[in-house]
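# Chains, contacts and geometry: an overview
Spelled out, the chains give:
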Amino acid sequence: MAETKTAGPAAEGKASGERALSYVDAGIEALREEMRRDPMIFYIGQGIGVRGGNWQQTRGLWAEFGDARLRDTPISELGQTGIGVGAALAGGRPIVDIVFLDFTLEAMSQIIQQASLIHYVSNGQFKLPLVIRAAMGDIRSAGPHHSHSFYSYFMHIPGLKVVVPALPYDVKGLLKTSIRDDNPVMFLEHKALL
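We now turn to the structure provided with this report. It should be emphasised that the depicted structure is a prediction, and the values quoted were computed from it without experimental measurement. (Residues numbered from 1 in each chain as written. Predicted model: local features only at pLDDT ≥ 70, side-chain atom pairs only at ≥ 80, totals over all residues. Heavy atoms only, no water.)

### Re the pairing of strand 3 (residues 93–100)
In terms of residue burial, strand 3 counts as a mostly covered element, since eight of its eight residues are buried. Across five bridges, strand 1 (residues 41–45) lies against strand 3 in parallel orientation. Bridged to isoleucine 44 within strand 3 is valine 96. Both strand 3 and strand 4 (residues 131–136) contribute to a ladder of five bridges, which runs parallel. (Buried < 20%, exposed > 50% of the residue type's maximum accessible area, 1.4 Å probe, protein only. Helix = DSSP H or I, 4+ residues; strand = E, 2+ residues; numbered from the N terminus. Pairing = 2+ DSSP bridges.)

In structure tokens, the structure reads:
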């Protein structure tokens, strides 16, 4: 009887001698590669500049790309998302970091009434290459307003793509794919992975 082996991403990485990356570092690497590739990509969110984000998800990027491409915003999820929608319609490729999934509720009119519908109301004439990134789930001391995991809600909104990566391999590939997509993508990550 012949031995059967499965060749998934982990097996391939070991076989080819690829290096191991943490979940966060894989995401940073994806961002860096994409931002170097396309000058229209920019990242906005709370604390994502010099500080590198709540989860260190943009660590080191500000030093390379500066304020022009990584813009710290005030706590205004509705405003951030509105800027992202407008910039995407104008030809930019924004990544809007809402930090906590819970606060996408503050931006629902932009996410549901604008971002998800543009393709349909324009009869496919307009593209909306927007990534909305947020962390979800419970971790130590997160509290009730920072622990929701209602990503399944977005899966029922026509016009939105929902991505929930679980491994470093996933986060790098799916983040790059999401950034290159011409449609709005909700890129949601569990805090325990970050």
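### Remarks on the nonpolar core
Among the nonpolar cores identified, the biggest contains 25 residues, and Leu101, Ile111, Leu128, Leu130, Phe154, Met186 and Leu188 are the most heavily contacted of them. Going through the elements one at a time, strand 1, helix 4 (77–89), strand 3, helix 5 (108–115), strand 4 and strand 6 (185–190) are the ones with two or more residues in this core. With four residues, the top contributor of residues to this core is helix 5. Listed in part, the 21 residues of the second largest apolar core include Met35, Tyr43, Val131 and Val171. (Core = buried A, V, L, I, M, F, W, Y, C linked by side-chain atoms within 4.5 Å.)

### Points about the side chain of serine 116
Mapped onto the secondary structure, serine 116 falls in the loop between helix 5 and helix 6 (118–121). Classification of serine 116 as buried rests on a relative accessible area of 1%. A distance of 2.7 Å separates the side chain of serine 116 from the backbone oxygen of isoleucine 112, its partner in a polar contact. The contacts of serine 116, once residues within four sequence positions are left out, are Ile111, Ile157, Pro158, Gly159, Leu160 and Pro184. (Polar contact = N/O pair within 3.5 Å; in protein donor to acceptor, adjacent residues only side chain to side chain. Contact = heavy atoms within 4.5 Å.)

### Some points on the packing of helix 2 (residues 23–37) against helix 3 (residues 61–69)
With their axes 11 Å apart at the nearest point, helix 2 and helix 3 run at an angle of 55° to one another. By the angle between their directions, the pair helix 2 and helix 3 is classed as oblique. Judged by the twist between their axes, the crossing of helix 2 over helix 3 is left-handed. On helix 3, the residues that touch Ile28, Leu31, Arg32, Met35 and Arg36 of helix 2 are Leu61, Glu64, Phe65 and Arg69. (Axes fitted to C-alpha atoms, helices over the stretch in contact; angles between N-to-C directions. Parallel < 35°, antiparallel > 145°, perpendicular 65-115°, else oblique. Left-handed = near helix turned anticlockwise from the far one by under 90°.)

### Focus: the packing of aromatic side chains
For the coordinates displayed, the defined rule picks out three aromatic pairs. Ring centres 5.7 Å apart and planes at 80° place the aromatic pair tryptophan 55 and phenylalanine 100 in the edge-to-face group. Residue tryptophan 55 is found in the loop between strand 1 and helix 3, and its partner phenylalanine 100 is found in strand 3; the two are separated by 45 residues along the sequence. Like tryptophan 55, the residue phenylalanine 100 is buried in the burial classification. Each ring, one from tyrosine 153 and one from phenylalanine 154, has its centre 5.7 Å from the other, and the planes form 80°; the classification is edge-to-face. For tyrosine 153, a relative accessible area of 41% puts it in the partly exposed group. A relative accessible area of 0% means that phenylalanine 154 is categorised as buried. (Phe/Tyr/Trp six-rings, centres within 6.5 Å; stacked < 30°, edge-to-face > 60°.)

### Looking at the environment of methionine 136
Within the element layout of this structure, methionine 136 appears in strand 4. Assessed through its relative accessible area of 3%, methionine 136 is described here as buried. For the pair methionine 136 and phenylalanine 150, spaced 14 residues apart in sequence, the C-alpha to C-alpha distance is 8.1 Å.

### Side note on the pattern of salt bridges
Counted according to the given criterion, the structure contains 14 salt bridges. The shortest N-O distance in the salt bridge between glutamate 29 and lysine 172 comes to 2.5 Å. Of the two residues, glutamate 29 is situated in helix 2 and lysine 172 in helix 8 (residues 168–180); the sequence distance between them amounts to 143 residues. Here glutamate 29 matches lysine 172 in class, with each residue buried. Where aspartate 182 meets arginine 93, a salt bridge forms, and the shortest distance between an N and an O atom there is 3.1 Å. Placement of the pair is aspartate 182 in the loop between helix 8 and strand 6 and arginine 93 in strand 3, with a sequence separation of 89 residues. Under the relative-accessibility criterion, aspartate 182 is labelled partly exposed at 28%. With relative accessibility at 14%, the residue arginine 93 sits in the buried group. One salt-bridge network, in which partners are shared between bridges, spans Arg19, Glu29, Glu33, Glu34, Arg37, Lys172, Lys176 and Arg180. (Salt bridge = Lys/Arg side-chain N within 4 Å of Asp/Glu carboxyl O.)

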